[in-house]
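One-letter residues, chain by chain:
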Amino acid sequence: MRALVTGGCGFIGSHVVRSLIASGWAVTNLDCLTYASNPGNLADVAGNPRYTFVHGDICDFDLARNLVDKADVVLNFAAETHVDRSLLDPLVFVRTDVEGVVSLLEAVRHAPQARLVHMSTDEVFGSLPLGIEAAEDAPFAPTSPYSASKAAAELQIRAYAATYGLPITVLRCSNVYGPGQHLEKFIPLFTTRALAGEELPLYGDGRQEREWLFVEDLLSAVGVVLADLPVAPGAHAVHIGSGERLPNIEVAGRICDLAGASRSLIRPVFDRPGHDRRYALDCANLRARGWAPRVPFDEGLSRTVRWYADQAATWSHSADNDFAAYLDRQYSARLSAVEEFGS
Ligand SMILES: NC(=O)c1ccc[n+]([C@@H]2O[C@H](COP(=O)([O-])OP(=O)(O)OC[C@H]3O[C@@H](n4cnc5c(N)ncnc54)[C@H](O)[C@@H]3O)[C@@H](O)[C@H]2O)c1
């Protein structure tokens, strides 16, 4: 089988590429190598004869069509993904996360053999009250430019499925973590700062609740989905979550413990505007298909912290200018306002 994976040099995409290659697929990876990519994530498969890398943009329709024509399955992981950055620069999110998806939809529309599997997020539902889990047909209520772009892409997918009779799979995933994630994200940021003995800027009261899924459990879920892709026209949503929901302040504390750092490094800072309090997915349908997460959060977090500790030589010297400027813009004022905020 031939897969076109987009965004394969990012966190999730690189794990999916490696897993598909290991399962015997021929994989073409289309990635335009934004700041979030790390081609080094795929160093171990780069020389594999069943792996091809194409440096390009999913918004380039001619390129997308050419590659989709040669694929049996198209897995779209290419996206702008960092919520904080979507507040700083929303336009690029609309371009990649909405226009890019329409470009792939147009390509798939002209290639009847190719099935599209698109990665969305639990964030399309916005903040959920305690006790509520979002089922696949729950209404969208996005609150950030990122989640609004992901919801908009899903609406385009529904429109294409209905208009052109396409069978499209939409994966809606909770927070994924594990080795190889960009340092800007919550667990890598707090892990690397804790390992370096630096303050951990925790938004607001830290009681925001997230559902954490280890990346290996996402891979097994993708395997279950690929083994039985729908043939009926429609946008078929699949929820993938662990059920392990924890407040951010608890995750921060456990990271400190695993990194051998004091929990006193945790610094409450002014919250992000529109910060959702709680996400929760109802995953009964996927579980009924035989899938279950296998890596408990404590084990996955321990493996992840150990991975970043082992990679310290890489990340501690990779303070590229973009990331340093981003950290400064996002956190410096917040961290210097801590005294006032905390008093
Ligand atoms: N990481 C999570 O916790 C999580 C949770 C739910 C859903 N998702 C979704 O999963 C997908 C992958 O997330 P991730 O965390 O691996 O992302 P990431 O930021 O680590 O990687 C994104 C990749 O996409 C590439 N890319 C960006 N714009 C592109 C474009 N226009 N054309 C081609 N390539 C482009 C980047 O270069 C990068 O390699 C995204 O759709 C994201 O919304 C992620």
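These numbers were taken from a predicted model, which means no experiment stands behind them.

(A) Inspection of the sheet that holds strand E1 (residues 2–6) at higher detail. Strands sit in the order E3-E2-E1-E4-E5-E6-E10 across an open sheet of seven strands; the sheet is parallel. What marks the edges here is a single partner per strand, and that holds for strand E3 (51–55) and strand E10 (234–240). Looking at each pair of strands side by side, their axes are set apart by 20° on average, direction ignored. Sheet contacts for helix H1 (residues 11–22): E1, strand E2 (26–31), E3, strand E4 (73–76) and strand E5 (115–121); angle to E1, the most-contacted strand, approximately 165°. Here helix H5 (residues 145–164) sits on the sheet and contacts E5, strand E6 (167–173) and E10; the angle it forms with E5, its principal contact strand, is near 150°.

(B) Looking closely at the packing of aromatic side chains. Scanning the model with the defined rule gives twelve aromatic pairs in all. Ring geometry for Tyr 160 versus Tyr 164: centroids 5.2 Å apart, planes at 50°, classification tilted. Here the residue Tyr 160 and the residue Tyr 164 both occupy positions in helix H5, the gap between them amounting to four residues, near one helical turn. Their ring planes at 25° and their centres at 6.0 Å tell us that Tyr 203 and Tyr 331 sit as a pair that is stacked. Taken together, the residues span a long stretch of sequence, with Tyr 203 in strand E8 (residues 200–203) and Tyr 331 in helix H12 (residues 321–336) at a distance of 128 residues. By the burial criterion, Tyr 203 is buried, and Tyr 331 matches it. Following the ring pairs from residue to residue traces out a cluster consisting of Tyr 177, Phe 186, Phe 190, Trp 212, Phe 214 and Phe 297. Across from the ring centre of Tyr 326, 4.2 Å away, lies the NZ or CZ of Arg 85, which sits over that ring. Note that Arg 109 overlies the ring of Tyr 164, its terminal NZ or CZ placed 4.2 Å from the centroid.

(C) Molecular detail of the packing of helix H8 (residues 248–259) against helix H10 (residues 297–310). Where H8 contacts H10, the two axes come as close as 10 Å, and the packing angle between them is 50°. With respect to H10, the element H8 is oriented oblique. Read as a crossing pair, H8 and H10 show a hand that is right-handed. Residues Val 251, Arg 254, Ile 255, Leu 258 and Ala 259 of H8 touch H10, and the partners they reach there are Phe 297, Asp 298, Leu 301, Ser 302 and Val 305. Broken down by class, the residue content of the contact of H8 with H10 amounts to seven nonpolar, one polar and two charged.

(D) Region of the structure containing the site of the ligand. With respect to spatial proximity, 29 residues lie near the ligand, and among them Ile 12, Asp 31, Thr 81, Tyr 146 and Lys 150 are the closest. Separating a nitrogen atom of the ligand from a backbone N or O atom of Cys 32 is a distance of 3.2 Å. In this structure, an oxygen atom belonging to the ligand sits 2.8 Å away from a main-chain N or O atom of Val 176. Burial of the ligand by the protein amounts to 96% of the accessible area it has alone, namely 840 Å². Those elements that place two or more of their residues in the shell around the ligand are H1, E5, H5 and strand E7 (175–177). Ranked by residue count, the leading element in the shell around the ligand is E5, at three residues.

(E) Quick look at the sheet that holds E7. Here three strands make up an open sheet; going across it, the order is E7-E9-E11 and the pairing mixed. The sheet is open, and its two edges are formed by E7 and strand E11 (245–247), each paired on a single side. The sheet shows a mean angle of 50° between the axes of neighbouring strands, taken without regard to direction. Relative to strand E9 (residues 209–214), E7 runs parallel, the two being bridged by three bridges.

(F) Spatial organisation of the pairing of E4. Going residue by residue along E4, you find Val 73 and Leu 75 tucked away on one face and Val 74 and Asn 76 tucked away on the opposite face as well. Bridging between E1 and E4 involves four bridges; their strand directions are parallel. Residue Val 5 lies in a different strand from E4, and its bridge partner there is Leu 75. Taken together, the four bridges between E4 and E5 define a ladder with parallel strand orientation. Paired with Val 73 across the strands is Arg 115, a residue of E5.

(G) Broad picture of the pattern of salt bridges. Summed over the entire model, instances satisfying the criterion amount to 20 salt bridges. For Arg 303, the salt bridge goes to Glu 299, with nearest N and O atoms at 3.3 Å. Residue Arg 303 and its partner Glu 299 are both found in helix H10; the two are separated by four residues, about one turn of the helix. Look at Arg 303 and you get partly exposed, because its relative accessible area is 28%. What makes Glu 299 partly exposed here is its relative accessible area of 38%. The network of salt bridges with shared partners includes Arg 85, Glu 184, Lys 185 and Asp 322.

Conventions we followed
Residues numbered from 1 in each chain as written. Predicted model: local features only at pLDDT ≥ 70, side-chain atom pairs only at ≥ 80, totals over all residues. Heavy atoms only, no water. Pairing = 2+ DSSP bridges. Helix = DSSP H or I, 4+ residues; strand = E, 2+ residues; numbered from the N terminus. Axes fitted to C-alpha atoms, helices over the stretch in contact; angles between N-to-C directions. Contact = heavy atoms within 4.5 Å. Phe/Tyr/Trp six-rings, centres within 6.5 Å; stacked < 30°, edge-to-face > 60°. Buried < 20%, exposed > 50% of the residue type's maximum accessible area, 1.4 Å probe, protein only. Lys NZ or Arg CZ within 6 Å of the ring centre and 35° of its normal. Parallel < 35°, antiparallel > 145°, perpendicular 65-115°, else oblique. Left-handed = near helix turned anticlockwise from the far one by under 90°. Nonpolar A, V, L, I, M, F, W, Y, C, P; charged D, E, K, R; others polar. Near = heavy atom within 4 Å. Polar contact = N/O pair within 3.5 Å; in protein donor to acceptor, adjacent residues only side chain to side chain. Areas by Shrake-Rupley, 256 points an atom, 1.4 Å probe, with all protein chains shown as cover. Salt bridge = Lys/Arg side-chain N within 4 Å of Asp/Glu carboxyl O.

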